[in-house]
Amino acid sequence: AECVSGCVCPEGLLDDGKGGCVKRNDCPCIHNNQWYSPGQKITVDCNTCTCQKGFWSCTEDVCYGTCMIYGSGHYITFDGKFYDFDGNCEYVATQDFCGDKNSSGSFSIITENVPCGTTGVTCSKAIKMFIGKTELKLENKDYKEIQRDIGEDVRYWNRTVGLYLVIEATNGLMLIWDKKTTVFVKLTPDYKGKVCGLCGNFDDKSNNDFTTRSGLQEANALKFGNSWKQSSMCPDATQEIKPCDVKPHRKSWAEKECSIILSEVFKICHAKVDPIPFYDACVHDACSCDSGGDCECFCSAVAAYAQECTKAQACVFWRTPDIC
C-alpha cells in the first residue's frame, strides 16, 4: 500500500512506502514496480501520465494500433491477442473491405506464407500491399510497385529506418518490414472496428478477434486462419504443428538460446511485457528452422520481444558480436 496513514508517521503525514513520512501532496506513484516522485512523467503507449498526489493523471489520446506478424506463423493482433497459425497460402492480414460485398475500402494487406524448414511450419515470404490503385510487393529484401486500373489515388512514401523499410500512406496506414519474416502494420484510430483479417478487428477487445471472413466468431485459430486464405485452391491448415516434438534433438539448443528472453538482459522489460509467449514462440522457431537460417529465426524471435519492450518504454541492448 503506497502513501497510507500508519502508526509510524506523525499526525498529518503519510507513510510513503519507502520508509519516509510525507505530506499528501508529496506522495509518490508506482508503475511496474518502480517509484516516481510527484510531477514525474512517464509515457504509456502514446499518452503521457503525470504523478499527482500519489495517483497517475493521464492524457487520453487515442493511439495507433499495431499488428505484428513474425517468425514461423506468430501473430499479435491490433487488440493484443497472441496466436499461432501455420497455413501455406496467401492470407488477408488486414483490410478495410469488411462486411457486405459492396463495401468500399481503401487498402488491403496480403501475406504470402510458405514452409520454412522441414517440420511444416510456415513463415511470411512476401507481403502484398494494395493502397488505392497501387500494388506494392515486398519480397527478397526489395519492393516493387505495380499500377492498377481501379481504385483511388492514395499517395505513399517510403524510408529506411535501421534494419526496417517503412511505407506510410496518406490514408492512415503504415507498414514496417524487416526485409525478412517480420512485418508490423500500424493503423490510425479512425480504423477502429472497421478492419478484418488475421490481425483482428481493432475494436479494443481481444476476445472477438477470431472473426472469420463470413463474420462468424471462432474459438480456434485454425478455422479462423483458413477462412482468410485468398485462394480456395490452397489446402486448409489442419493441425497446430509442434516443431520441438518433430525435432526433439533441437529442443535443448532452442531452449538454451531463447533463455536470453527470460534472462537479466531483458529484466527491465519483464514487468511491462510478459516474456513467456515470446519465449515459447522463440523455442518453436529455433526448433523449426532446420534447413539453414537457424540463427536468423532465433534472432527474429528475440527482436520481436525487444521491439515490444521498446514500445513499452523499456529500451534493451541485447545484440552483441556473439548474439545476432
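Residues numbered from 1 in each chain as written. Predicted model: local features only at pLDDT ≥ 70, side-chain atom pairs only at ≥ 80, totals over all residues. Heavy atoms only, no water.

The name given to the protein in an unreviewed UniProt entry is MUC2 protein, with Piaya cayana as the source organism.

### What to know about unusual backbone geometry
Despite not being glycine, K179 has its phi angle at roughly 70°, a positive value. Tracing the backbone through its elements, the reader meets K179 in the loop between β18 (173-177) and β19 (183-187). Phi is positive for F202, close to 55°, though the residue is something other than glycine. For F202, a relative accessible area of 2% translates into the label buried. (Helix = DSSP H or I, 4+ residues; strand = E, 2+ residues; numbered from the N terminus. Buried < 20%, exposed > 50% of the residue type's maximum accessible area, 1.4 Å probe, protein only.)

### Observations concerning the state of the cysteines
Overall, the coordinates contain 13 disulfides when judged by the stated rule. Between the sulfur atoms of C9 and its disulfide mate C21 the distance is 2.2 Å. In this structure the cystine formed by C9 and C21 twists about its S-S bond by roughly -85°; its chirality is therefore left-handed. Here C9, found in the segment before β1 (14-15), pairs with C21, found in strand β2 (residues 21-22); they are twelve residues apart in sequence, far enough to count as distant. Assessed through its relative accessible area of 36%, C21 is described here as partly exposed. Across the disulfide, C258 is cross-linked to C282 (sulfur-sulfur distance 2.0 Å). Linking C258 and C282, the disulfide has an S-S dihedral of approximately -80° and is accordingly described as left-handed. With C258 in helix α3 (residues 251-258) and C282 in helix α5 (residues 276-288), this residue pair connects regions lying 24 residues apart in the sequence. C282 carries the same exposure label as C258, and that label is buried. Of the cysteine sulfurs around C295, a residue in no disulfide, the closest is that of C299, at 6.1 Å. Here C315 stays free of any disulfide, with the sulfur of C309 as its closest cysteine sulfur at 9.4 Å. (Disulfide = S-S within 2.5 Å.)

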